[in-house]
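Per-entry structural report
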Amino acid sequence: MKIAVCIKRVPDTTAKVRIAADGKTVDPAGVEWVIGPYEEIALEAALKLKEAGKAEKVTVLCLGPKEATKELRTALAMGADDAVLLVDGGGERDAAAVAGALAAEAKGLGADLLLFGWKAIDTDQASVPHLAAAILERPCVSFVTKLEAGDGRLLCHREVEGGTEALEVPLPCVLTAQKGLAEPRYASLKGIMAAKKKPLVEKPAPAAAAAVRTERLSLPPERPPGRILGQGVDAVPELVRLLRDEAKLL
Amino acid sequence: MAHASPYTAMDFYDVDALLTEEDRIVRDTVRSFVDAEILPDIRRHFRDGTFPLDLIPRFGEMGLLGSQLEGYGCAGMSYTAYGVICREMERGDSGARSFCSVQSSLVMYPIHRYGSEEQKRKWLPEMAAGRKIGCFGLTEPDFGSNPGGMATTAKTVKGGFVLNGNKYWITNASIADLSLVWARLDGGTIRGFLVEKGTKGCTPEEIRGKYSLRASDTSGIVLEDCFVPSDAILPEGVGLKAPLSCLDSARYGIAWGAVGAAQACFDEALRYAKTRIQFDRPIASFQLVQNKFAEMLTWITSAQLQAWRLGRLWDEGTHEPAHTSLAKRHNVEMALKVGRTCRDILGASGITEEYAALRHVLNLESVITYEGTHDIHGLILGERITGIPAFKG
C-alpha cells in the first residue's frame, strides 16, 4: 500500500493572528507556521502503518507557499519517505480547487490511501478531503479515531454520539484523521539530519481558481468587560438569574 | 509541531530567520518537547529537589545528547543547532539544560576528542541514547576558579592508576554511570580518568540545601585510593587545556541557554502585565512597566544576536575561548536582569511557584557562577584585550 498524507501549513495554534491589509488574508508577519495538528495525526497514523509493515511508502503532499518546505522537511524528519510541494503561485483558490490539485497529484503518485486531517485549523472548512474523494471517485471515511489494515481493506473506527462506529472500506480510499487516531512523534535530530537527504520535489501548483471567494475576514468581537453585580449573598439571586437566562449555564 | 503552551518566544529582530531551516525544525521539535514533557512536572521536581530521570532516555531518543558530535550514534548537527537545543531546554529549566550541557559538552565531547577508539565505542553510543549518564569532575572544594591548583592526584601503579582527592559542585555525580575525573598524574600534568559507577573508592555525595538548580543533581565525589585500570586514562587529553576546552563548549551552550530563560520570563511577565488590573487599568499600560519591557526587549535582542554570531564562529571554526566568554558573561547577566525585572512585574505572585520567573532567577544564580564566574570571564576578556593576565601570579 502506498500512502499519501496531505498536510497544510497553518499558523501555530498559539500565534496571535492579524488580518492583512487586503482584509482577506492572514498577515504573515511574526507568525510561526506549523503542520496542522490533525494532519500531524494523519501522518503519524501513516508512519505507524508503515512501521507495522502494512505500507511500503509514505509520501507527504502539500499545496502551499515555497516556505512550506520547512513543514515538509519536518514531516520527512518524522519519518515520511518523500515529499511533494505544489508551490502556490498566488491568487485565490477555493476548497474545490485545492482538492483538485491534491487529488491529481495523489493519483499521479499512485497512492492507495489518501490521508488528511479532518480539518485545517486555520480556515476550519473541513471540505477539501471530501471534495478530493469525490473528484477521485473513491470512498471516504471521516473523523477516523482508529485504523487497522486488512487485505485490500481498512477497518476504521469513528466516534459517534455515545459510542463507536466500525466501518470497513476498500482501498483505494480517502480517510480523515481525528484526535485519538495517533499521538504524533517528535522529529528526532537524527531524523532531521536524514530528512536533508530525502527527496523533496517542488513543482508549480495548477493555476488558482475560485468559485467561492473570500469576501472579508474579521476578528471575533471583543469580549464585553466583566460586570460586578454586587457583594455578598445579596448578589446571589441576580447571579443565578443571569447564569440561567443570559449565560444559559444552569 | 504545534506546541501545547501559549508560549511565544520574543524575537523582535526575527533573529531566528538567520537560522537554517534545519535549525528551525530543531527549535520547533525541542520546544514542543519542553512544553509537553518538561514543563508539566518541573515545579514538583524543583520543589522536591529531584531530576526528572525518566526524561533521560527521551532526550536520547530525540538525539539531544551529543548532538554536535559526529558518529558513534550522535546526530552530527551544527553547533548552532546545539545552541538552539540549549536555548529551548533552558526555557524549560536550567536544570534540564545543565544535564544536556554536562552530558554533551563535558563528558561526550572529551571522550570524542581525547578518548581512545575503544573508549569512544564503549561510551558514546550509550550516552547518546541516554542509557548511560556522565559527569565531569574538575572543580574541588578549594579549587573553583583556579582549577589548575587542583589537589586530586593520580599515581601510576601496576596495571593502572590510583586516584585520591575530592571533587565538588559536580552536576549529575550521584546519578552518573561514568565520572570523568581530572587529576594530576604523578605530580606532573593534569589528565582525565574515566571512573565507572561502583568503582571501589569512588563515592558521590549529594549536596543538599540548594536554593538553585533544584531540579538537577549537584554532588561531591570522594576518591579514596580509587584504583582504575590503565585503559581508564583519556590518552589524548594532556594538561589543563583539555578540561578547559570542554568548558568552552559548555559555556557556548550556556550563552544560548540564558536567552531561553530570559524569553520564558519575558513572555510570562508580558502576559501577566496585560491582564493584571490596578487602578482600573492593566499594569502594562503604565509607563514604568512599559519602560521595563523596553529595556528587557533590548537586552534580549542583543543577547540573541550574540548567541547567533557566536554559533556562526563555532560552526566556521574561527572562534576563540574569549569569544565564548563574552557571550556567556553577557547573556547570563542579561537573563538574570530580565528574570529579576519580570519577578518584579509579577508582584507578590512572582514569589510563588505558580510563575516561573523566580525559579529561573534562582537557577541563573548558579549559571552565572559555574563554567567560569562572571568576573573570571571578565578577566579572560581583560587578558584578551590587554595581553596582561590578571589572575596569574
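Residues numbered from 1 in each chain as written. Chains lettered and ligands numbered in written order. Predicted model: local features only at pLDDT ≥ 70, side-chain atom pairs only at ≥ 80, totals over all residues. Heavy atoms only, no water.

**Observations regarding the interface of chain A and chain B**
Residue-level contacts link 21 residues of chain A with 30 residues of chain B. Around 2,100 Å² of area is buried between chain A and chain B when both sides are counted, 61% of it from carbon and sulfur atoms. On the chain A side of the contact with chain B, K70, Y186 and L189 of chain A bury the most area, a combined 36% of that side's loss. At the surface where chain A touches chain B, the tally comes to four salt bridges. (Contact = heavy atoms within 4.5 Å. Buried area = accessible area lost by both parts, 1.4 Å probe. Salt bridge = Lys/Arg side-chain N within 4 Å of Asp/Glu carboxyl O.)

**Describing the sheet that holds strand β5 (residues 82-87) of chain A**
Residue and element names in this part refer to chain A. Strand order across the open sheet formed by nine strands is β9-β8-β7-β10-β6-β1-β4-β5-β11, with mixed pairing between neighbours. Looking along the sheet, the strands with just one partner apiece sit at the ends: β9 (163-170) and β11 (200-204). With direction set aside, neighbouring strand axes in the sheet form an average angle of 35°. In the sheet, strand β6 (residues 113-117) pairs with strand β10 (residues 173-177) via five bridges, with the strands oriented parallel. If you follow L115 over to β10, its bridge partner there is L175. Here helix α1 (residues 37-51) sits on the sheet in contact with β1 (2-7), β4 (57-64), β6, β7 (140-149) and β10, set at roughly 165° to β1. On top of the sheet, helix α3 (residues 95-109) reaches β1, β4, β5, β6 and β11; it is set at about 150° to β4, its chief contact. (Pairing = 2+ DSSP bridges. Helix = DSSP H or I, 4+ residues; strand = E, 2+ residues; numbered from the N terminus. Axes fitted to C-alpha atoms, helices over the stretch in contact; angles between N-to-C directions.)

**Here we look at the side chain of D267 of chain B**
Residue and element names in this part refer to chain B. Checked against the element boundaries, D267 lands in helix α6 (residues 241-275). Overall, D267 belongs to the buried group, its relative accessible area being 11%. If near-sequence neighbours (up to four positions away) are discounted, D267 is found in contact with P6, Y7 and T8. (Buried < 20%, exposed > 50% of the residue type's maximum accessible area, 1.4 Å probe, protein only.)

**Thoughts on the side chain of S245 of chain B**
Residue and element names in this part refer to chain B. If you trace the backbone, S245 turns up in helix α6. Note on S245: relative accessible area 14%, which makes it buried. Beyond its immediate stretch of four places on either side in the chain, S245 contacts Y109, R113 and Y114.

**Some words on the packing of aromatic side chains**
Summed over the entire model, instances satisfying the criterion amount to 18 aromatic pairs over all chains. Aromatic pair Y79 of chain B and W314 of chain B: ring centres 4.7 Å apart, planes at 45°, arrangement tilted. Residue Y79 of chain B is located in helix α3 (residues 79-92), and its partner W314 of chain B is located in helix α7 (residues 287-316); the two are separated by 235 residues in the primary sequence. In this structure Y79 of chain B comes out as buried when scored by relative accessible area, which is 13%. One aromatic cluster in this structure is built from Y186 of chain A together with F33, F51, F59 and F99 of chain B. Seen from the ring of W299 of chain B, K337 of chain B lies directly overhead, with NZ or CZ sitting 4.2 Å from the centre. (Phe/Tyr/Trp six-rings, centres within 6.5 Å; stacked < 30°, edge-to-face > 60°. Lys NZ or Arg CZ within 6 Å of the ring centre and 35° of its normal.)

**Thoughts on the pattern of salt bridges**
This model, assessed by the stated rule, comprises 46 salt bridges over all chains. Of the charged contacts in the structure, one is a salt bridge between D35 of chain B and R91 of chain B, with a shortest N-O distance of 3.2 Å. Here the residue D35 of chain B occupies a position in helix α1 (residues 21-48), and R91 of chain B occupies one in helix α3, the gap between them amounting to 56 residues. For the salt bridge of E117 of chain B with R121 of chain B, the shortest nitrogen-to-oxygen distance reads 3.3 Å. Here E117 of chain B and its partner R121 of chain B are both found in helix α5 (residues 117-128), four residues apart, which amounts to about one turn of the helix. Salt bridges sharing common partners tie together R9, E32, K70 and E71 of chain A together with D16, R27, D28, R31, R87 and E88 of chain B.

**Let's talk about the state of the cysteines**
Going through the model one piece at a time under the given rule, you end up with zero disulfides over all chains. Free cysteine C265 of chain B: the closest other cysteine sulfur is in C342 of chain B, separated by 5.3 Å. (Disulfide = S-S within 2.5 Å.)

**So, the environment of F286 of chain B**
Residues and elements named next belong to chain B. With respect to the helices and strands, F286 occurs in the loop between β10 (281-282) and α7. With 67 residues separating them along the chain, F286 and S219 place their C-alpha atoms 45 Å apart. Dropping the residues within four chain positions of it, F286 is found in contact with Q278, F279 and R281.

**Some points on the layout of surface pockets**
Residues and elements named next belong to chain A. By volume, the largest pocket is sized at about 1,600 Å³. Around the largest pocket, the lining is made up of 46 residues, and of these K8, R9, R93, D122 and T123 lie nearest the centre. If you list the elements that add at least two residues to the lining of the largest pocket, you get β1, β2 (9-11), β4, α3, β6 and α4 (128-136). No other element matches β4, which puts four residues into the lining of the largest pocket. When the residues that make up the lining of the largest pocket are grouped by side-chain class, the tally is 23 nonpolar, 10 polar and 13 charged. (1 Å grid on protein atoms, 1.4 Å probe; cavity = no way out; pocket = protein on both sides within 12 Å on 5 of 7 lines; lining within 4 Å. Points joined across faces, edges and corners; volume = space filled by probe spheres on them. Nonpolar A, V, L, I, M, F, W, Y, C, P; charged D, E, K, R; others polar.)

**Let's talk about the pairing of strand β4 (residues 178-185) of chain B**
Residues and elements named next belong to chain B. Counting buried positions over the eight residues of β4 gives seven, a clear majority of the element. Strand direction decides the pairing type here: strand β1 (residues 134-137) and β4, joined by four bridges, are parallel. The residue bridging C135 from the neighbouring strand is S179, located in β4. As judged from the seven bridges shared by β4 and strand β5 (residues 190-196), these two strands associate in the antiparallel manner. When the bridges of β5 are listed, L180 appears paired with L194. A loop of four residues connects β4 with β5, the two strands running antiparallel in sequence, and D186 in this loop sits at a positive phi of about 50°.

**Observations concerning the domain arrangement of chain B**
Residues and elements named next belong to chain B. Its domain assignment divides chain B into domain 1 (8-128), domain 2 (134-237) and domain 3 (241-386). Distance between the C-alpha centres of domain 1 and domain 2: 24 Å. Every contact between the two is made by 29 residues of domain 1 and, on the other side, 24 residues of domain 2. Across the domain 1 to domain 2 interface the summed buried area is about 2,000 Å²; carbon plus sulfur atoms make up 68%. Linking domain 1 to domain 2 there are one salt bridge. Where E196 meets K122, a salt bridge forms, and the shortest distance between an N and an O atom there is 2.7 Å. (Domains from an automatic or database assignment.)

**Comments concerning the nonpolar core**
Membership of the largest hydrophobic core comes to 146 residues, with the highest contact counts inside it found for I3, V5, L154 and L175 of chain A together with F59, M89 and W182 of chain B. Beyond its immediate sequence surroundings of up to four residues, M89 of chain B is in contact with V30, V34, I38, F59, L64, A96, R97 and C100 of chain B. In this structure, A99, F116, A132 and L136 of chain A belong to the second largest nonpolar core, which totals 22 residues. (Core = buried A, V, L, I, M, F, W, Y, C linked by side-chain atoms within 4.5 Å.)

**A closer look at the pairing of strand β2 (residues 153-157) of chain B**
Residue and element names in this part refer to chain B. Where β2 meets strand β3 (residues 160-171), five bridges bridge the pair, whose relative direction is antiparallel. Bridging across to β3, T156 finds its partner in F161. Taken together, β2 and the strand that follows it, β3, pair antiparallel across an intervening segment of two residues, in which G159 is found at a positive phi of about 80°.

**Topic: α3 of chain B**
In a regular helix each residue adds 1.5 Å, so 14 residues correspond to 20 Å; α3 of chain B covers 20 Å between its end C-alpha atoms and thus fits that length. The element α3 of chain B is largely enclosed, with a buried count of 14 among its 14 residues. (Expected span 1.5 Å × (residues − 1).)

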